[in-house]
Amino acid sequence: MPKRVDHEERRAQIAEALIQVAGRRGLHAVGMRDVAAEAGVSLRLVQYYFETKEKLLFYGLRHLTDRFTGRVNARLAAAGPAPGPRATAEALLLASLPTDEESRVFHLLYSSYAILSVTDEALAAQPFIDNPDAAENALTGLLEQAQRSGLADPAADARTEAISLLAMAAAMGTSILVGQRSPESAIAVLHHHLDRIFATAQTSDGETEPT
C-alpha cells in the first residue's frame, strides 16, 4: 500500500527550506532549485506544489508569520498565566528583535519581503500581508486596556504610541542586523519607552507603586 502524503506537511517542509536558504543568501538570490536542494526533494516536486517562485514566496511569508506568532506565544507562556497588558506588549515587541538566529532570519526575511513587494511586479500585484494593521491594532488595544486599568498614562494617545513603538522596534532590529547596536542596548531603549508609557498605579493609601 503506497504511503499517504501529507500535502500541507510537504508544503511546510519546502517553505522551511526557503527560509533556511534565504536566511543565508538573501531572499533575492534564492531560486526554486536552491529550495529543492535544501529540502532534499526534486525541483519538479517544488514546482508541483507552488508552480511559480512568487507562489512559493507568498507561502513562505505565511510560514514565516506563523513562526513569529509562535515566538510571541512562547514569550507570553513564559510570562505566566496572566501576563497583563505590559508583558503582552513587551512580548510582541521583543519577539521581532533579532536577538538569536531564528529572530535574525525573521527580521532579515520580513524586511526583504517588504522590499520585494514594492519592486517585484508579481508580488506587488498582491497584498504584502493580509492584515497590515494587525500588530498596530493589537498594541493599541493593549495600551487602551492598560489606561482603563490605571496602568498606563491616561493622557497618552494609545495609537500614536503603538505606531511609535512598532516603528522603533523595526528600526532597531535593522540596526542590530547591521551591527550598529547590540540586542541588549535595543531592548534597553524599548524598556525605557515602555516605562514612560506605563504609569505608576495608585495604592489604596494614595502612594504610588510600579506597575
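Here is what the cut-offs are and how they apply
Residues numbered from 1 in each chain as written. Predicted model: local features only at pLDDT ≥ 70, side-chain atom pairs only at ≥ 80, totals over all residues. Heavy atoms only, no water. Helix = DSSP H or I, 4+ residues; strand = E, 2+ residues; numbered from the N terminus. Areas by Shrake-Rupley, 256 points an atom, 1.4 Å probe, with all protein chains shown as cover. Axes fitted to C-alpha atoms, helices over the stretch in contact; angles between N-to-C directions. Parallel < 35°, antiparallel > 145°, perpendicular 65-115°, else oblique. Left-handed = near helix turned anticlockwise from the far one by under 90°. Contact = heavy atoms within 4.5 Å. Nonpolar A, V, L, I, M, F, W, Y, C, P; charged D, E, K, R; others polar. Buried < 20%, exposed > 50% of the residue type's maximum accessible area, 1.4 Å probe, protein only. Phe/Tyr/Trp six-rings, centres within 6.5 Å; stacked < 30°, edge-to-face > 60°. Salt bridge = Lys/Arg side-chain N within 4 Å of Asp/Glu carboxyl O. pLDDT = per-residue confidence, 0-100. Expected span 1.5 Å × (residues − 1).

Here's the deal with the overall build of the chain
Item 1. Secondary structure summary: the chain contains 10 helices and two strands in total.
Item 2. Its helices and strands in sequence order give the chain the pattern α-α-α-α-α-α-α-α-α-α-β-β, from N to C terminus.
Item 3. Carbon and sulfur atoms provide 54% of the accessible area of the chain, an area that totals close to 11900 Å².

A word on the packing of helix α8 (residues 134-148) against helix α9 (residues 158-177)
Item 1. It is the contact of α8 with α9, at a shortest axis distance of 8 Å, that shows an interaxial angle of 130 degrees. In terms of orientation, α8 and α9 fall into the oblique class. Remark: the crossing between α8 and α9 carries right-handed chirality. Only Ala158, Arg159, Glu161, Ala162, Ile163, Leu165 and Leu166 of α9 make contact with α8, whose side of the interface consists of Ala135, Glu136, Asn137, Leu139, Thr140, Leu143, Glu144 and Gln147.
Item 2. Per-class residue counts for the contact of α8 with α9 are eight nonpolar, three polar and four charged.

Describing unusual backbone geometry
Item 1. Notably, Glu51 is not glycine yet its phi reads approximately 65 degrees, a positive angle.
Item 2. Inspection of the secondary structure puts Glu51 in the loop between α3 (43-50) and α4 (53-78).

A short note on the side chain of Thr88
Item 1. Mapping Thr88 onto the fold places it in helix α5 (residues 84-94).
Item 2. When residues no more than four places from it in sequence are discounted, the contact partners of Thr88 are Leu76, Pro83 and Leu142.

Looking at the environment of Pro154
Item 1. As for its position among the elements, Pro154 is in the loop between α8 and α9.
Item 2. In this structure Pro154 comes out as exposed when scored by relative accessible area, which is 69%.
Item 3. In this structure the C-alpha to C-alpha distance between Pro154 and Leu143, which are 11 residues apart in sequence, comes to 9.5 Å.

Regarding the packing of aromatic side chains
Item 1. Applying the stated criterion to the full structure yields four aromatic pairs.
Item 2. Plain terms: the ring middles of Tyr48 and Tyr49 are 5.0 Å apart, the flat faces sit at 80 degrees to each other, and that makes the pair edge-to-face.
Item 3. Between Phe68 and Phe106, the aromatic rings sit 4.7 Å apart at their centres with planes inclined by 10 degrees, giving stacked as the arrangement. With Phe68 in helix α4 and Phe106 in helix α6 (residues 101-119), this residue pair connects regions lying 38 residues apart in the sequence. Here Phe68 and Phe106 have matching classes, each one buried.
Item 4. What links up through ring pairs into an aromatic cluster is the set Phe68, Phe106 and Tyr110.

What to know about the pattern of salt bridges
Item 1. Scanning the model with the defined rule gives 13 salt bridges in all.
Item 2. Close ionic contact of Arg25 with Asp34 constitutes a salt bridge, the shortest N to O distance being 3.2 Å.
Item 3. The shortest N-O distance in the salt bridge between Glu102 and Arg71 comes to 3.8 Å. In this pair, Glu102 is assigned in helix α6 and Arg71 in helix α4, connecting sequence segments 31 residues apart.
Item 4. Taken together, the shared-partner salt bridges connect Glu16, Arg67, Arg71, Asp100 and Glu102 into one network.

Regarding the confidence of the model for the chain
Item 1. For the chain, per-residue confidence averages 85 on the pLDDT scale, and 87% of positions sit at 70 or higher.
Item 2. Contacts from residues 201-211, a stretch scored under 50 in pLDDT, to residues over four places away or in other chains number 17 contacts.

Some points on helix α1 (residues 7-25)
Item 1. For α1, which comprises 19 residues, the first-to-last C-alpha distance of 27 Å matches the rise-based estimate of 27 Å (1.5 Å per residue) to within 8%.
Item 2. Considered for burial, the residues of α1 that qualify are Ile14, Ala15, Ala17, Leu18, Ile19, Val21, Ala22 and Gly23.
Item 3. Packed against the buried residues of α1 are α2 (32-39), α3, α4 and α6.
Item 4. Gly26 sits one or two residues past α1 and shows a positive phi near 100 degrees.

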